[in-house]
Amino acid sequence: MTETGSSTEALSDPDPAAPRKTTPEPLPPSPRGISRPAAPVAGDGPATLSGDGRLDTLDGVRAVAAFAVLVFHVATETGAALAPGFGGALLSRGDVAVPIFFALSGLLLYRPFAASLLAGEAPVHVRSYLWKRALRILPAYWLTVAVALLLWSRDHLSDGWTWLKLLTLTQNYDTHPWWFGLGPKGLAQMWSLSVEAAFYVALPLLAAGLAAFARRGGPDTGVRARRLLAGLAVLGAVSLAWTLLTYYPEYRPYLNSWAPRSAIFFAVGMALAVVLAWDRADPAGDSPASRFRRAASASPGSWWLVAALAYALAASPVTGTRFLGIDGFWSGLFEIVLYAVVATCLLVPATLPPPGDSPVRLLLGNRVMAYLGRISYGVFLWQFVAIHLWYGFTGQRSFTGGFLANLVPITVITLAMAALTHRFVERPATRLARLGREEGRNPVR
């Protein structure tokens, strides 16, 4: 994340043989990298699950995004992303991986809410959901915070306000912090995890509001789904309005790291979750959602081509000057729209891959990518610690050093720390999270 590493779990695939419902059951009310913030499925579709119930292609997307952010941060630290020419421009937009993580969170976490409303699946219990989210992200994050502060911010170890902000992921909202940049040394990428946490807390309220709006359209699944998509379009538009608010009546750069700016990225993932639930609830397979699933599954290359073109355009001056902050309203607007296009066009083929051993499955669903996806949260958490440790050990200064010569050892260090954290912190915390899952409840995966 920025998340820079996704903290979400994978999406369960409903049983294709299970009967579908045309009328849903009533749902009771439920209670930039460094320089600029931007760190399964339905019906009889072709998605294939690994042995533990995870859609392996989404783990692959998570792995690609995590290492794209790592490459971006190393390119920034070495100065390679500042180099003139198209290569440097491409490296400078690696923070596009952050919207990919946000869109993944929107898809994976909103799917049970959408399925409950449209397909009549069990309602999500908010207390269990929040318990699982907290145990998924906080233990490993708290460990990273403690290590980074002990290594580089010892003058602030006795500052309770610093600990409170960091441990509660509310540091984004301190508009005059003692640190320079987006966070204390070793923790600059955590601004995106703060955005993730805000989304986790807001999601039950968003889902309840969307459900109430959708039910006003009556019991018809198609009408409800369309109303959900309309509501999500409004949610996405919040990012556009927020960008305007950031620059008028005066420029307030701290607003770039507040959650509303990223609403569009979560919204596109949530919209995909609605499409999947709508398809799931369509017994005849002739709804717009079912047609979309078949078309997307048949043309993954087209989605990837659009993603590549949008990324190349985002690497042009249309999104502003590299690493000097967003230049103005229009460059900021172009950035979030293009990043949303990239995130959508990478996520759709991975969520709806073609059947069999397609290139999507071979590239994103192999065992290596699945493992890297599972430890990607640790890659996100530890990458700046690894960068600063390596630069301190080698005596290099920021914006110096060879890109590849530094990328390889930093990647090795990051991978080792991520693997250890996954084995000894994340997995035990996940087992503990299961204690909050009561029998008969719909797990949020």
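Attention in this report is confined to the structure presented alongside it. Note that the structure is a prediction, hence the values are computed from the model and not measured. (Residues numbered from 1 in each chain as written. Predicted model: local features only at pLDDT ≥ 70, side-chain atom pairs only at ≥ 80, totals over all residues. Heavy atoms only, no water.)

1. Observations concerning the packing of helix H8 (residues 263-280) against helix H9 (residues 288-298)
Turning to step 1, where the next piece is worked out: Contact pair H8 / H9: the axes reach a minimum separation of 8 Å and the direction vectors enclose 110°. The angle between the axes of H8 and H9 places the two elements in the roughly perpendicular class. On H9, the residues that touch Leu272, Val275, Trp278 and Asp279 of H8 are Pro288, Ala289, Ser290, Phe292 and Arg293.
Turning to step 2, where the next piece is worked out: For the contact of H8 with H9, the class distribution of residues is 6 nonpolar, 1 polar and 2 charged. (Axes fitted to C-alpha atoms, helices over the stretch in contact; angles between N-to-C directions. Helix = DSSP H or I, 4+ residues; strand = E, 2+ residues; numbered from the N terminus. Parallel < 35°, antiparallel > 145°, perpendicular 65-115°, else oblique. Contact = heavy atoms within 4.5 Å. Nonpolar A, V, L, I, M, F, W, Y, C, P; charged D, E, K, R; others polar.)

2. What to know about the nonpolar core
One broad trend across soluble globular proteins is that nonpolar side chains are buried collectively.
Turning to step 1, where the next piece is worked out: Judged by nonpolar contacts, the single largest core of 115 residues is most densely connected at Tyr110, Tyr141, Leu193 and Leu381.
Turning to step 2, where the next piece is worked out: Ranked by residue count, the leading element in this core is helix H3 (residues 97-119), at 16 residues.
Turning to step 3, where the next piece is worked out: Not counting residues within four places of it along the chain, the set of residues in contact with Tyr110 comprises Ser105, Leu203, Ala207, Leu210, Leu228, Met270, Ala273 and Val274. (Core = buried A, V, L, I, M, F, W, Y, C linked by side-chain atoms within 4.5 Å. Buried < 20%, exposed > 50% of the residue type's maximum accessible area, 1.4 Å probe, protein only.)

3. Looking at the pattern of salt bridges
Turning to step 1, where the next piece is worked out: Within this structure, the stated rule accounts for 8 salt bridges.
Turning to step 2, where the next piece is worked out: Arg62 is the salt-bridge partner of Asp59, the closest N and O atoms lying 2.6 Å from each other. Placement of the pair is Asp59 and Arg62 together in helix H1 (residues 56-78), with a separation of 3 residues, close to one helical turn.
Turning to step 3, where the next piece is worked out: Between Glu121 and Arg280 there is a salt bridge, and its shortest N-O distance comes to 4.0 Å. In this pair, Glu121 sits in the loop between H3 and helix H4 (126-152) while Arg280 sits in helix H8, placing the two residues 159 residues apart along the sequence. (Salt bridge = Lys/Arg side-chain N within 4 Å of Asp/Glu carboxyl O.)

4. A look at the packing of aromatic side chains
Turning to step 1, where the next piece is worked out: One pass over the structure, following the stated rule, counts 14 aromatic pairs.
Turning to step 2, where the next piece is worked out: Note on Phe113 and Tyr129: the rings are 6.1 Å apart at their centroids and 85° apart in plane angle, and the pair reads as edge-to-face. Taken together, the positions of Phe113 in helix H3 and Tyr129 in helix H4 put the pair 16 residues apart, joining distant regions of the chain.
Turning to step 3, where the next piece is worked out: Among the aromatic residues, those joined into a cluster by ring pairs are Tyr173, Trp242, Tyr254 and Trp258.
Turning to step 4, where the next piece is worked out: Residue placement shows Arg133 over the ring face of Tyr200; its charged tip is 5.3 Å from the ring centre.
Turning to step 5, where the next piece is worked out: Taking NZ or CZ as reference, Arg423 lies 5.1 Å from the ring centre of Phe424, over its face. (Phe/Tyr/Trp six-rings, centres within 6.5 Å; stacked < 30°, edge-to-face > 60°. Lys NZ or Arg CZ within 6 Å of the ring centre and 35° of its normal.)

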